[in-house]
Amino acid sequence: MTVDLSQRRRAAHALWIAGVVAIVVVAATAWWQWNDRRRHHRRHTSLISDVQLSGDGSTLSVRTLWNPQCDGARPQLTARETSTTVTLTLKRGETLRTPCGDDSDGSSQVSVTLHSSLGGRQLVDAATGRDLKFMPH
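Residues numbered from 1 in each chain as written. Predicted model: local features only at pLDDT ≥ 70, side-chain atom pairs only at ≥ 80, totals over all residues. Heavy atoms only, no water.

A. Highlighting the pattern of salt bridges. Applying the stated criterion across every chain, the model contains one salt bridge. For Arg121, the salt bridge identified is with Glu81, shortest N-O distance 3.0 Å. Pair noted here: Arg121 is in the loop between strand 5 (106-113) and strand 6 (122-125) and Glu81 is in strand 3 (residues 76-81), with a separation of 40 residues, a long-range link. Take Glu81: its relative accessible area is 22%, and that puts it in the partly exposed class. (Salt bridge = Lys/Arg side-chain N within 4 Å of Asp/Glu carboxyl O. Helix = DSSP H or I, 4+ residues; strand = E, 2+ residues; numbered from the N terminus. Buried < 20%, exposed > 50% of the residue type's maximum accessible area, 1.4 Å probe, protein only.)

Below you can see the structure in the form of structure tokens.
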């Protein structure tokens, strides 16, 4: 059984096309996964800004976007305290629906009460490692 040259060319061409299609499918899937993780990361580790400090210096509050239909559980603000720093972490619920319309997002204030007054301790965002500025409430 002999295979003529034109059949070999057609077979090589078909394999080449199948390879290109496979690469495109893998690349598109990888991009979609990366983009979905990036969008999830952006929504769930949003930078903390506009920290408000209570008059007695023991309660910290931040505003964040939250929609129970899209984000599930209410966001939580937690603090890890040392003698020199207070590190804030903003934890948000798992995304229930993506994408979620920006027009349906609501603003929510979340707070954490420290074991002792902030005093002169450094205030740090756990997600970025950056110092946070606060405003008296």
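Alright, that's what it looks like, and here's the rest.
B. How the structure looks around the pairing of strand 2 (residues 59-66). For strand 1 (residues 51-53) and strand 2, the ladder comprises two bridges, and the chain directions are antiparallel. By the bridge assignment for strand 2, Gln52 is matched with Ser61. (Pairing = 2+ DSSP bridges.)

C. Inspection of the pairing of strand 3 at higher detail. Two strands pair when backbone bridges link them, and strand 3 and strand 4 (residues 85-91) are joined in this way by six bridges, in the antiparallel orientation. Counted as the bridge partner of Leu77 is Leu90 from strand 4. Adjacent in sequence and paired antiparallel, strand 3 and strand 4 are bridged by three residues.

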